[in-house]
Amino acid sequence: MSASPLDLNVSNNAEIKGLPDFLVHQLKDILWTEKFLRRQMSEIRSYVTSARLRMGIENHMKEIDKQIWRLEEVFLVINEPVQMQPNVGLKALVQDAMKTIKATKLGSMVRDVCIINCLQKVEHYEIASYGTLKTLAIVLGHPQAADLLEQTLNEEKNADAIFSTIAEVFINEQAAGE
Ligand SMILES: [Fe+2]
């Protein structure tokens, strides 16, 4: 059996002696998170009711591919090996949300409300993570890494805003009427 991409280059929890170690620790965490989300988004897409939301998810999946590439670049520019660390908390959040999504009625807008809620919880986690990472990269003298992290931070904010608009314009009222 071949190893899942989520099992490759996984490092053990090393001691954090200073801010550079914390930066690397958080980079490992968010790289694993992006790869996990890329896989989960494919599954979530299969539960979606509305075409608008499906399109929003597919667009963000393409962004995740770019975000994974950017993170690998960040490891390179700060001279660290590309590694990942499983993010147990985020995994539990998504798995819990998947159970709730599956408990909603197939083909309902309530299901889409539930999916958007899951996606936005994740986006807010990522916005917090990339905001911290960008700031740490600046403080530690890695302007090129900070620039890459800021590009992803802006994409995450934009994705969050798009999911809000989809919910407000196309989903919430229909869900309330079901
Ligand atoms: Fe992301």
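The notes below deal with the structure included here. Here the structure is a predicted model, which means the values were calculated and not measured. (Residues numbered from 1 in each chain as written. Predicted model: local features only at pLDDT ≥ 70, side-chain atom pairs only at ≥ 80, totals over all residues. Heavy atoms only, no water.)

### Observations regarding the coordination of the iron ion
Then step 1. Protein coordination at the iron ion: the donors are Glu34 (OE), Glu34 (OE), Gln67 (OE1), Glu126 (OE) and Glu156 (OE), at 2.0 to 2.5 Å from the metal.
Then step 2. Between consecutive donors of the iron ion, the numbers of intervening residues give the motif E-x32-Q-x58-E-x29-E. Of the two residues, Glu34 sits in helix H1 (residues 19-45) while Glu126 sits in helix H4 (residues 109-139), which places them 92 residues apart along the sequence.
Then step 3. For Glu34, a relative accessible area of 0% puts it in the buried group.
Then step 4. Glu126 gets classed as buried once you look at its relative accessible area, which sits at 1%. (Donors = N, O, S within 2.8 Å, 3.2 Å for Na, K, Ca; no water. Helix = DSSP H or I, 4+ residues; strand = E, 2+ residues; numbered from the N terminus. Buried < 20%, exposed > 50% of the residue type's maximum accessible area, 1.4 Å probe, protein only.)

### Structural notes on the environment of Lys28
Then step 1. With respect to the helices, strands and loops of the structure, Lys28 is situated in helix H1.
Then step 2. With 31 residues separating them in the primary sequence, Lys28 and Asn59 have C-alpha atoms 24 Å apart.

### So, the pattern of salt bridges
Then step 1. Within this structure, the stated rule accounts for seven salt bridges.
Then step 2. Residues Arg45 and Glu58 are paired through a salt bridge, measuring 3.6 Å at the closest nitrogen-oxygen approach. Here Glu58 lies in helix H2 (residues 51-77) and Arg45 lies in helix H1, a separation of 13 residues in the sequence.
Then step 3. Residue classification places Glu58 among the partly exposed positions, given a relative accessible area of 30%.
Then step 4. The partner of Glu155 in a salt bridge is Lys66, and the shortest N-O contact between them spans 3.6 Å. One end of the pair, Glu155, is in helix H5 (residues 143-176); the other, Lys66, is in helix H2, with 89 residues separating them in the sequence.
Then step 5. Owing to a relative accessible area of 43%, Lys66 belongs among the partly exposed residues under this scheme. (Salt bridge = Lys/Arg side-chain N within 4 Å of Asp/Glu carboxyl O.)

### Examining the packing of aromatic side chains
Each pair of aromatic rings is reported with the distance of its centres and the angle of its planes.
Then step 1. Within the structure shown, the criterion is met by one aromatic pair.
Then step 2. Both rings, one in Trp32 and one in Phe36, keep their centres 5.1 Å apart while their planes meet at 10 degrees; by these two values the pair is stacked. With a gap of four residues between them, Trp32 and Phe36 both fall in helix H1, about one helical turn apart.
Then step 3. On the basis of relative accessible area, Phe36 is assigned to the buried category, the value being 1%. (Phe/Tyr/Trp six-rings, centres within 6.5 Å; stacked < 30°, edge-to-face > 60°.)

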